[in-house]
Amino acid sequence: MVKKKLLSFVLAGTMGLTLTGCGTKSDPTPGSIKGYDRGEQYVSIWVHSIEDTPEGHVYRESVNAFNKKYNGKYFADIEFIPRNDSGGGYSDKINASVMSGGLPDVLTVDGPNVASYAANKIIQPLAPLTKKEKSIYLPSILDQGTYQNKLYALGVMESSVGLYYNKDILKKAGIKVPDQNHPWTFSEFLTILQKVKKYTDQVKGYPLDMTFPVGEATIYYYAPFFWSNGGDLVSKNGLKADGYFNSQQNLKTIQYFKTLLAHKYMSKVAVANLFEEGRAAFKFDGAWEVNTVRTQFKKLNIGVAPYIVGDSWKGEKYTPTGSWAFAMSSKCKHKEAATKLVQYMSGIDSGKRIWSETKTFPSTYKAYAAFDDFDKDPEYKALYTQLKTYGHPRPKTPVYPQVSTSFQQVLENSVLSGMDAKTQQDKAVERINAKLKRYTM
């Protein structure tokens, strides 16, 4: 998952739509496409990237390999429909195709939106997979792709967010980093931040490089604070926000963020490269930060600490996960063929390609095992261990875009602008409930 992937894939035109048919577009005839021969089942697939990019190359290579493996049985035909900077393009094409019935057999879906696609009947459950077939994937991948106990999607890529730290500052402050199973609690982290503050003050910095940007980054990075502190954002079925999003436990977590700002452990406004320039002791950021530091800020001596947890955490899963996945559209009639394509596009060989060519985390155990990076490189090893042990998908709800937006607004308004947190929580629930109505009536 690269930085641009944090753009939320908002289903602006699909929230009130359902498919009314299986499409009007006829399948091409054998021989009309190079490689598509008589006797093969045709399977169309759309992906969200430009073909002439490392990620696009991976998808093309995987489709070619699939066609070679299943020559004479299946033929996959890929179409590249890139997103624009606002997340449109690809989503606009899907929205229009939902209306016209022209969806492909397989399409890519951003992980947090699987529930939205499923509830709006844009995608359908995959053909049944055996326990052995499922066992190759990280638990977070299966969890992300499951909605109402049915598996809809499988990702070729995963993601993780690390608590990066400046080794030199922590050494000066005499701070030792705990192991993955014994992370700092909220209270302990406040003490740590106080200890490093005198060193970051000397360089006009802050102990913690943190902000609440508009878009998907805020919920991706900081929902774990709420989960590890005993809270949640929606009910398990994704259809109720009241009593969850505006719970007392979540209010306490918001107050924790307010404490960080009040003690000047974080800046009220974003400061470019605060951590990378050695002016902050800690930063929450994606796995790409490792490569960013090693290529652009080579003097910075970093490590990855376990994500912090609420004081009453009891070992539950809580750390960030999620990225793009493959799903079968509701238009698809050849379910076995489409499911085989989804499995191949998300499988071991495809995962190896995605890491080799894009440095995006793969989704299967064997793909990780194929590279020394996740065993011998301390930063990547820490991120992978965290992901496979404590990975937690973002809220699974048909109205995920509204939950994500509301989460960011509550933190921005309550923490940065000083508004009453409980009032902001309740207003957010009202907005979420307005979107939930069509699913709960």
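About the thresholds
- Position labels on residues start from 1 in each chain and follow its written sequence.
- Local features in this predicted model are restricted to residues whose pLDDT is 70 or higher, and side-chain atom pairs enter the listing and the counts only when it is 80 or higher, whereas totals over whole chains, interfaces and linings include all residues.
- As a convention, hydrogens and water are excluded, and side-chain values are obtained from all of the structure's heavy atoms.
- Strands are runs of DSSP state E lasting at least 2 residues, helices are runs of H or I lasting at least 4, and numbering of each runs from the N terminus.
- Here the globule rule reads 2.2 Å times residues to the power 0.38, and the radius of gyration is calculated from C-alpha atoms.
- Here the term buried applies to any residue with accessible area under 20% of the maximum for its type, exposed to any over 50%, and partly exposed to those in between, with areas from a 1.4 Å probe on protein chains only.
- Residue contacts are counted whenever heavy atoms from the two residues lie within 4.5 Å of one another.
- Per-residue and other accessible areas were derived by the Shrake-Rupley procedure at a 1.4 Å probe size, with only the shown protein chains allowed to occlude residues.
- We score Asp and Glu as negative and Lys and Arg as positive, and we do not count His or the chain ends.
- By convention, the charge on Lys lies at NZ, on Arg at CZ, on Asp at CG and on Glu at CD.
- We define a salt bridge as a contact between a side-chain nitrogen of Lys or Arg and a carboxyl oxygen of Asp or Glu at a distance within 4 Å.
- By convention a nonpolar core is built from buried Ala, Val, Leu, Ile, Met, Phe, Trp, Tyr and Cys residues, the set being connected through side-chain atoms within 4.5 Å.
- Per-residue confidence from the predictor is reported as pLDDT, a score between 0 and 100.
- A helix's residues, less one, multiplied by 1.5 Å, set its expected span.
- Two kinds of site are reported from a 1 Å grid over the protein atoms alone, namely cavities, where a 1.4 Å probe fits but cannot get out, and pockets, open sets with protein on both sides within 12 Å along at least five of seven lines, and residues are called lining when an atom falls within 4 Å of a point.
- Grid points are joined across faces, edges and corners, and a volume is the space filled by probe spheres set on the points.
- Only Asp, Glu, Lys and Arg are considered charged, only Ala, Val, Leu, Ile, Met, Phe, Trp, Tyr, Cys and Pro nonpolar, and every remaining residue, Gly among them, polar.

## What to know about the overall build of the chain
The number of helices and strands found in the chain is 17 helices and 14 strands. The C-alpha radius of gyration computed for the chain amounts to 22 Å, which stays within 12% of the reference 22 Å derived for 441 residues, consistent with globular compactness. Based on the C-alpha atoms only, the size of the chain along its principal axes is roughly 75 × 50 × 35 Å. Expressed as a percentage of its 441 residues, the buried residues of the chain come to 58%. The long-range share in the chain, meaning contacts at least 24 apart out of those at least 6 apart in sequence, stands at 78%. Counting only carbon and sulfur atoms, one obtains 50% of the accessible surface of the chain, whose full area is about 18600 Å². Separation of charge centres in the chain, based on 57 positive and 42 negative side chains, amounts to 3 Å.

## As for the pattern of salt bridges
Evaluation of the coordinates by the stated rule reveals 12 salt bridges. Between R60 and E51 there is a salt bridge; the shortest N-O distance is 3.0 Å. Residue classification places R60 among the partly exposed residues on the basis of a relative accessible area of 28%. Here D143 ties to K396 by a salt bridge, and the two come within 2.6 Å at their closest N and O atoms. In this pair, D143 is assigned in helix α5 (residues 139-144) and K396 in the loop between β14 (391-392) and α16 (400-416), connecting sequence segments 253 residues apart. By relative accessible area, K396 is classed as partly exposed at 27%. Three or more residues joined by partner-sharing salt bridges are found here, namely E276, K283 and D285.

## A closer look at the environment of S406
With respect to the element layout, S406 can be found in helix α16. For the pair S406 and Q148, spaced 258 residues apart in the sequence, the C-alpha separation amounts to 23 Å. Setting aside its immediate chain neighbours within four residues, S406 contacts F245, A428, R431 and I432.

## Things to note about the nonpolar core
Judged by nonpolar contacts, the single largest core of 74 residues is most densely connected at I45, Y59, I94, I123, F326 and F361. The element best represented in this core is helix α11 (residues 335-345), accounting for 6 residues. Contacts of Y59, omitting those with residues within four sequence positions, involve V47, H48, S49, I78, F80, V156, M157, F326 and M345.

## A few points about the confidence of the model for the chain
Across the chain, the average pLDDT comes to 93, with 93% of residues at or above 70. Scored below 50 in pLDDT, residues 1-25 shows 73 contacts in the model against residues more than four places distant or in partner chains.

## Some thoughts on helix α1 (residues 54-69)
Helix length check: α1, at 16 residues, gives a terminal C-alpha distance of 22 Å against a target of 22 Å (1.5 Å per residue), a fit within 8%. Turning to α1, its buried residues are E55, G56, V58, Y59, S62, V63, A65, F66 and N67. On the buried face of α1, the contacting elements are β1 (41-47), β2 (74-80), β13 (324-329), α11 and α12 (348-358).

## Quick word on empty space enclosed by the protein
According to the stated counting rule, one finds 3 cavities of 30 Å³ or more in the structure shown. Looking at the largest cavity, its volume works out to about 70 Å³. Along the lines of polarity and charge, the residues of the lining of the largest cavity split into 5 nonpolar, 5 polar and 2 charged. In this model, the second largest cavity occupies a volume close to 50 Å³. F226, L233, F245, N250, I254, F407, V410 and L411 are the residues that line the second largest cavity. Tallying contributions element by element places α16 first for the lining of the second largest cavity, with 3 residues. For the lining of the second largest cavity, the per-class residue count stands at 7 nonpolar, 1 polar and no charged.

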